[in-house]
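Observations on the model geometry
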Amino acid sequence: MTLIDRDNPQKLYLQLYEILRGKIESGDWAVDTQIPTEEDLCKTYEVSKATVRIAVSELARQGYLRRQQGKGTFVCKRIIPEGLSMVTSFKELMLEAGVNFSTEVLARTVIMPIDDLHIKLDITEDKHIIYIKRLRLIDNEPILLQETYMPHHICPLPLEEDLENNSLLEILEKKCGVKITSVQDYIGIAYLNEEEGRLLGLPEGAAALLVEQIFYSGKSKIKYTRSIKRPDRFKLFIELERKQ
Amino acid sequence: MAGGKTVKDLMVDVFEFPHIPYWFSIRQAMRIIKKSVLESAKCIRPIVILVFDEKYNLVGTLTHINILKGIEPKFLKHTTKAQVPEYSQEGLSVIWDSLFDKESAALAEKPVSEVMVPAKLFVEQDDPVTKAAYLMLHNDAILLPVLENKKKLIGVVRMIEVFDEVSNAILNE
């Protein structure tokens, strides 16, 4: 068992936070099980109640634990924190979070620009677009519905590659030689239509997190993605650093 | 036919034609024809949109004629199921004009799958041109999709190229 190292300059509550997080991520503390009481944690790790409270609060804030009034503290289904300025694929994000994820490709075909797609992708209206619709699942539970649009002439390979096991970003970068240099995220709320609700297991009209992303390679727009995420399974994480 | 040309020698790349999925509306298809054919420098003929399913299989073709038929009010269509008195086609066309805004606009929201011509005939890239000509003539088709290994759509062979090739064979005889 990992214990608190009092010679370590890191603050005690941070050490305890990492130990407890490790227990959750390794499955040592399974989802929906009650964690030991505050007193038990104090005794086990030889720390004060204040240290335990801060560590547990931080885990609850990050979606690892939930507190139930009068019953105790329980391990949650993981909520995936997502950096705002990430250039990270869903696969990488899931691997970092250590969860069992899968992808269902619902559609992969070619369309012409409709609505304002030609503006979003900065192409003329006679250019073909690859359209990919994927449902992302964790432990076989749908959490994210994603529609991706990319100009066919930039990289036609996504029409043929295995998208259930490979990341689209990897295909773009490794096989088409298109390096993604920046991403613009637009975050809002979407109200689910009948089909979106059915796919995500939510009622029609329910609110969900909407993330629209435009991926750039230099100044060229490479891909536009519209993701609808279950609000109970995602958290946005912003880290701000003061510049000296 | 002398010369031994195959479909592959005549076919046009599939990406010369607009692509849409079967769930797009007639209205969307109309705009696509306008933007990617009529107003485009390319303007390839015949005006045809290729219609695909979720797995990028060709399921049909759509011409401007199919689209116009799709937004024609129901009562203007010929009936074969009942005996009806003779009517004036010119008179009916005037009625369509008066109902155009309401009824045709509503019909334009239908998916293209309801008005497209289903893709049933295909040729292989190594098939002789005469096979394409035969299939076109006997099925009233203006083009045929060309497959590679009976699976992958790689191009389209058009009546005009088939005609040109057959004409060459006759004229040079």
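One can find the structure itself at the top, above this paragraph.
Residues numbered from 1 in each chain as written. Chains lettered and ligands numbered in written order. Predicted model: local features only at pLDDT ≥ 70, side-chain atom pairs only at ≥ 80, totals over all residues.

As for the nonpolar core
Put simply, the test is: Think of a nonpolar core as buried Ala, Val, Leu, Ile, Met, Phe, Trp, Tyr and Cys residues chained together by C-beta atoms that fall within 7 Å. Partly exposed residues are those falling between the two cut-offs: more than 12 but fewer than 20 other C-beta atoms within 10 Å of their own, whereas 20 or more means buried and 12 or fewer means exposed, with C-beta atoms placed from the backbone. Residues are treated as contacting if the C-beta atoms built from their backbones sit within 7 Å of each other.
With 48 residues, the main nonpolar core has Ile-20, Ala-29, Ile-49, Leu-62, Val-112 and Val-157 of chain B as its most contacted residues. Sequence-distant contacts of Val-157 of chain B, that is, excluding residues within four places in its chain, are made with Val-7, Leu-10, Met-11, Val-123, Ala-132, Leu-143, Leu-144, Val-146 and Val-162 of chain B. Among the nonpolar cores identified, the runner-up in size contains 17 residues, and Tyr-13, Ile-24, Leu-41 and Tyr-45 of chain A belong to it.

Structural notes on the pairing of strand β7 (residues 143-148) of chain B
Residue and element names in this part refer to chain B. Spelled out, the test is: Any two strands with at least two DSSP bridges between them are considered paired. Put simply, DSSP marks the helices as runs of H or I at least four residues long and the strands as runs of E at least two long, and each gets a number from the N terminus on.
Sheet topology places strand β6 (residues 123-124) next to β7; two bridges connect them, and they run parallel. By the bridge assignment, Val-123 is partnered in β7 with Val-146. Bridge count for β7 against strand β8 (residues 152-158) is six bridges, and the pairing is antiparallel. Bridge assignment links Glu-148 to a residue of β8, and that residue is Lys-152. In textbook terms, the turn of a hairpin is the stretch between consecutive antiparallel strands, and for β7 and β8 this stretch comprises three residues, one of which, Asn-149, has a positive phi near 55°.

Re the sheet that holds strand β4 (residues 101-111) of chain A
Residues and elements named next belong to chain A. The line we're drawing: Fitting a line to C-alpha atoms yields each axis, with helices limited to the stretch in contact; the angle taken between N-to-C directions then spans 0 to 180 degrees.
Pairing is antiparallel in the open sheet, where six strands are placed in the order β4-β5-β6-β9-β8-β7. Sheet topology places β4 and β7 (182-191) at the edges, where each strand pairs with a single neighbour. Ignoring strand direction, the axes of neighbouring strands in this sheet form an average angle of 15°.

Let's talk about the packing of helix α1 (residues 12-25) of chain A against helix α3 (residues 49-61) of chain A
Residue and element names in this part refer to chain A. Note the cut-off: Roughly parallel here means an angle under 35 degrees, roughly antiparallel means over 145, roughly perpendicular means 65 to 115, and every remaining angle is called oblique. The crossing is said to be left-handed when, going from far helix to near helix, the turn is anticlockwise and less than a right angle, and right-handed when the turn is clockwise. In this count, Pro and Cys sit with the nonpolar residues alongside Ala, Val, Leu, Ile, Met, Phe, Trp and Tyr, while Asp, Glu, Lys and Arg are called charged and the others, Gly among them, polar.
It is the contact of α1 with α3, at a shortest axis distance of 8 Å, that shows an interaxial angle of 50°. Judged by the angle between their axes, α1 and α3 are oblique. For the crossing formed where α1 meets α3, the hand is right-handed. Here Leu-12, Tyr-13, Leu-16, Tyr-17, Leu-20 and Arg-21 of α1 come into contact with α3, specifically with Thr-51, Val-52, Ile-54, Ala-55, Glu-58 and Leu-59. Among the residues making up the contact of α1 with α3, the classes are represented as nine nonpolar, one polar and two charged.

Focus on the sheet that holds β6 of chain B
Residue and element names in this part refer to chain B. The sheet built from four strands is open, its strands ordered β1-β8-β7-β6 with mixed pairing. At either end of the open sheet lies a strand with only one pairing partner, and these are β1 (12-13) and β6. Pairing between β1 and β8: two bridges, direction antiparallel. When the bridges of β8 are listed, Val-12 appears paired with Val-156. Of the strands in this sheet, β7 and β8 touch helix α6 (residues 159-171), which is tilted by about 60° from β8.

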